[in-house]
Amino acid sequence: HFFSKLNVWAVEWWEQDRHRIRWFRAHYGFMRAKQHAEDFRRKLIEAGRVDNRRSDREIRIQQLARAESRKLFKKKFARKDARRAGNSGSTLGSQKRARRDYQKRGLLP
């Protein structure tokens, strides 16, 4: 798209459920900016970054990457030791013992 008031060519696309826009200034030449915008759009499609132009394989790779990052996040913020959480009617247990166990397993710096 060309915006005459701004004197720019714009490339718009959806990537990972976000609307993205990249501007190409026509200050140094109208056709040069248009060519750069078209080349950029072509490269986006070839790389599979445009949501509605992705292949099934690219969609699956992105889903697996998101699942892996979600798994890491859950692992990082999960309760590390049930002894410190306390069950119904029980005491929390020794902090020193739990801390030593965390260090042994590499969960503390």
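Please refer to the structure placed before this passage.
Our subject in this report is the structure included herewith. Just so it is clear, the structure is predicted and the values come from calculations on it, not from any experiment.

### Some details on the nonpolar core
Counting residues in each nonpolar core, the largest one holds 10 residues, listed as Trp9, Val11, Trp13, Phe24, Ala26, Ala33, Ala37, Phe40, Leu44 and Val50. Of all the elements in the fold, those that place two or more residues in this core are β2 (8-15) and α1 (30-47). Per element, the largest residue contribution to this core is four residues, and it comes from α1. Dropping the residues within four chain positions of it, Val50 is found in contact with Trp13, Trp14, Arg41, Leu44 and Ile45.

### A closer look at the packing of aromatic side chains
Under the counting rule described, the total for this entry stands at six aromatic pairs. Ring centres 4.9 Å apart and planes at 70° place the aromatic pair Phe2 and Phe30 in the edge-to-face group. Taken together, the residues Phe2 in strand β1 (residues 2-3) and Phe30 in helix α1 connect sequence positions 28 residues apart. Since its relative accessible area comes to 39%, Phe30 is described here as partly exposed. Judged by centre distance (5.4 Å) and plane angle (65°), the ring pair of Phe3 and Trp23 falls under edge-to-face. Placement of the pair is Phe3 in strand β1 and Trp23 in strand β3 (residues 18-25), with a sequence separation of 20 residues.

### What about the environment of Phe40?
Mapped onto the elements of the fold, Phe40 is located in helix α1. Relative accessible area serves as the criterion here: at 17%, Phe40 is assigned to the buried category. A sequence separation of 29 residues divides Phe40 from Val11, and the C-alpha atoms of the two residues are 7.9 Å apart.

### Considering the sheet that holds β1
Pairing within the open sheet is antiparallel, and its three strands lie in the order β1-β2-β3. Looking at strand neighbours, the two that pair on one side only are β1 and β3, the edges of this open sheet. One ladder, built from two bridges, connects β1 with β2; its direction is antiparallel. Directly across from Phe3, in β2, lies its bridge partner Val8. Sitting on the sheet, α1 is in contact with β1, β2 and β3, with an inclination near 10° to β2.

Thresholds applied
Residues numbered from 1 in each chain as written. Predicted model: local features only at pLDDT ≥ 70, side-chain atom pairs only at ≥ 80, totals over all residues. Heavy atoms only, no water. Core = buried A, V, L, I, M, F, W, Y, C linked by side-chain atoms within 4.5 Å. Buried < 20%, exposed > 50% of the residue type's maximum accessible area, 1.4 Å probe, protein only. Helix = DSSP H or I, 4+ residues; strand = E, 2+ residues; numbered from the N terminus. Contact = heavy atoms within 4.5 Å. Phe/Tyr/Trp six-rings, centres within 6.5 Å; stacked < 30°, edge-to-face > 60°. Pairing = 2+ DSSP bridges. Axes fitted to C-alpha atoms, helices over the stretch in contact; angles between N-to-C directions.

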